[in-house]
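What the coordinates show
One letter stands for each residue in the lines below.
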Amino acid sequence: MDGQNIMGFPPKSERAIRKLWVLMTDAFGHKWVSQYGETDAGGTWARGLAGLTGMDIARGMARVVASGVEWPPSLGGFRALCEPTPDQIGAVSIDKAFIEACRNAHPVATRHWSHQAVFHAAVEVGLQNLFRLPEPTAKARFEREYLKAVRLVIDGGVLHSVPDEAKAVLVKIADPEVVRDHLANIRSLLSKGVGHAC
């Protein structure tokens, strides 16, 4: 079975869940045990926390303790506490990153990216989608991709590179002098009657 038990979890994960149970029981006592039992017998928490590292679970426990809550968190609530946050990699909050990405998605924007993770998430969602989709839809997609990018940085992954401004594809606004020359030429032709069918 390649080091996995009948439930399909690696032995290391089982140890992490047992340790979590001890820590939660120490922190919440009978509240934890009465709510979740003396062990994760059904493997619900092991499955729910699958994919998290020991550091992630330690982060979650530290946040539980720091919060000072009297009742233990739900599985989903605890998993959210385990996830890395943008500030851990020096990036802006989700809300600020979304606003930045939307500004930079505008066709005539002078693009400035505060962090490579913001650019990566915007590219994954698609700049045109940030600009055209209804805000709730765009924000939900962006948040998902931004948190993936944060996780990728923490895990040592590679993000999309932010292009040099010289390489950035920007919509060029017409030179006003060229526009004036073209308009003068059109006026001249119209005043001479060129192009009129009458």
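For the structure, see preceding data.
Bear in mind the structure is a predicted one, so any value in this text is a computation, not a measurement. (Residues numbered from 1 in each chain as written. Predicted model: local features only at pLDDT ≥ 70, side-chain atom pairs only at ≥ 80, totals over all residues. Heavy atoms only, no water.)

1. Here we look at the overall build of the protein
Filter applied, for reference: Secondary structure is summarised from DSSP: a helix means a run of H or I of at least four residues, a strand means a run of E of at least two, and numbering begins at the N terminus for each. The cut-offs for exposure are 20% and 50% of the maximum accessible area for each residue type, with area from a 1.4 Å probe on protein chains only; residues under the lower value are buried, those over the upper are exposed, and the others partly exposed. When checking whether two residues touch, look at their non-hydrogen atoms; a contact exists if any pair is within 4.5 Å.
Of regular secondary structure, the protein possesses 10 helices and 0 strands. When the helices and strands of the protein are placed in sequence order, the string is α-α-α-α-α-α-α-α-α-α. In the protein, which comprises 198 residues, the share counted as buried stands at 29%. If you take every contact in the protein between residues at least 6 apart in sequence, the share linking residues at least 24 apart comes to 64%.

2. Description of the side chain of glutamate 100
Stated formally: Neither His nor the chain ends is counted toward charge; the positive residues are Lys and Arg and the negative residues Asp and Glu. A pair is scored as a salt bridge if a Lys or Arg side-chain nitrogen falls within 4 Å of a carboxyl oxygen belonging to Asp or Glu.
Mapped onto the secondary structure, glutamate 100 falls in helix H6 (residues 94–105). Lacking a salt bridge, the buried glutamate 100 has arginine 103 as its closest oppositely charged neighbour, with an N-O distance of 7.6 Å. Excluding residues within four positions of it along the chain, glutamate 100 makes contact with Val92, His112, Trp113, Ser114, His115 and Val118.

3. Description of the side chain of lysine 31
The line we're drawing: Whenever a nitrogen or oxygen atom comes within 3.5 Å of another N or O atom, the pair is scored as a polar contact, on the condition that within protein one atom can donate a hydrogen and the other can accept it, and that pairs from neighbouring residues in sequence are kept only if both atoms are in side chains.
Note on placement: lysine 31 falls in helix H2 (residues 30–36). Here glutamate 70 takes part through its backbone oxygen, which lies 3.2 Å from a polar atom of the side chain of lysine 31. Residues contacting lysine 31, with those up to four places away along its chain left out, are Glu70, Trp71 and Pro72.

4. Focus: the packing of aromatic side chains
Put simply, the rule reads: Here a Phe, Tyr or Trp ring, Trp counted by its six-membered ring, pairs with any other such ring whose centre lies within 6.5 Å, and the pair is stacked when the planes are under 30 degrees apart, edge-to-face when over 60, and tilted otherwise.
One pass over the full model with this rule turns up 9 aromatic pairs. Measuring from ring centre to ring centre gives 4.9 Å for tryptophan 21 and tryptophan 32, while their planes differ by 75°; the resulting arrangement is edge-to-face. With tryptophan 21 in helix H1 (residues 11–28) and tryptophan 32 in helix H2, the pair connects residues that are 11 residues apart, well separated along the chain. With 5.8 Å between their ring centres and 55° between their planes, phenylalanine 98 and phenylalanine 142 make a pair best called tilted. Of this pair, phenylalanine 98 sits in helix H6 while phenylalanine 142 sits in helix H9 (residues 135–154), and the two are 44 residues apart along the sequence.

5. Brief notes about the nonpolar core
Condition: Note on terminology: a nonpolar core comprises buried Ala, Val, Leu, Ile, Met, Phe, Trp, Tyr and Cys residues joined through side-chain atoms within 4.5 Å.
Judged by nonpolar contacts, the single largest core of 21 residues is most densely connected at Ala101, Val118, Leu130, Phe142 and Tyr146. Sorting the residues of this core by element identifies H6, helix H7 (116–125) and H9 as the ones contributing at least two each. The element that contributes the greatest number of residues to this core is H7, accounting for 6 residues. Those residues in contact with phenylalanine 142 that lie beyond four places of it in its chain are Ile94, Ala97, Phe98, Ala101, Val118, Ala121, Ala122, Val125 and Leu130. Core analysis: the second largest hydrophobic core is formed by 16 residues, Ile17, Phe28, Ala46 and Ile57 among them.

6. As for helix H4 (residues 54–67)
Our working rule: Expected helix span is taken as 1.5 Å per residue step, with the number of steps being one fewer than the number of residues.
The terminal C-alpha atoms of H4 lie 20 Å apart, and with 14 residues this matches the ideal 20 Å at 1.5 Å per residue to within 8%. Listed in full, the buried residues belonging to H4 are Asp56, Ile57, Arg59, Gly60, Met61 and Val64. The first or second residue beyond H4 is glycine 68, which carries a positive phi of 70°.

7. Some thoughts on helix H5 (residues 75–82)
Our working rule: The arc refers to the directions leading from the helix axis to the C-beta atoms.
By the burial criterion, the buried members of H5 are Leu75, Phe78 and Cys82. Projected down its long axis, H5 carries its buried residues within an arc of 65°, all on one side.

8. Some points on the environment of alanine 91
By the element assignment, alanine 91 lies in the loop between H5 and H6. For the pair alanine 91 and histidine 115, spaced 24 residues apart in the sequence, the C-alpha separation amounts to 5.8 Å.

9. Examining the packing of H4 against H5
Cut-off, in case you're wondering: Note on definitions: angles span 0 to 180 degrees between N-to-C directions of axes, and those axes are lines fitted to C-alpha atoms, for helices only across the stretch in contact. Throughout, the term roughly parallel applies to angles under 35 degrees, roughly antiparallel to angles over 145, roughly perpendicular to angles from 65 to 115, and oblique to all others. Following the grouping adopted for this structure description, the nonpolar residues are Ala, Val, Leu, Ile, Met, Phe, Trp, Tyr, Cys and Pro, the charged ones are Asp, Glu, Lys and Arg, and the polar ones are all others, Gly among them.
Closest axis-to-axis distance for the H4/H5 pair is 7 Å, and the angle between their directions is 110°. Relative to H5, the element H4 is oriented roughly perpendicular. Along the contact surface, H4 presents Asp56, Ile57, Arg59, Gly60, Met61, Arg63 and Val64, while H5 presents Phe78, Ala80, Leu81 and Cys82. Residues that form the contact of H4 with H5 fall into these classes: 7 nonpolar, 1 polar and 3 charged.

10. Considering the pattern of salt bridges
This model, assessed by the stated rule, comprises 7 salt bridges. Measuring nitrogen to oxygen at the nearest pair gives 3.4 Å for the salt bridge that ties arginine 79 to glutamate 83. With relative accessibility at 25%, the residue arginine 79 sits in the partly exposed group. We note a salt bridge from glutamate 145 to lysine 148, for which the minimum N-O separation is 3.4 Å. Pair noted here: glutamate 145 and lysine 148 are both in helix H9, with a separation of 3 residues, about one helical turn. Residue lysine 148 is classed as partly exposed on the basis of its relative accessible area, which comes to 46%. One connected set of salt bridges, linked through shared partners, spans Asp56, Arg59, Arg79, Glu83, Arg151 and Asp155.

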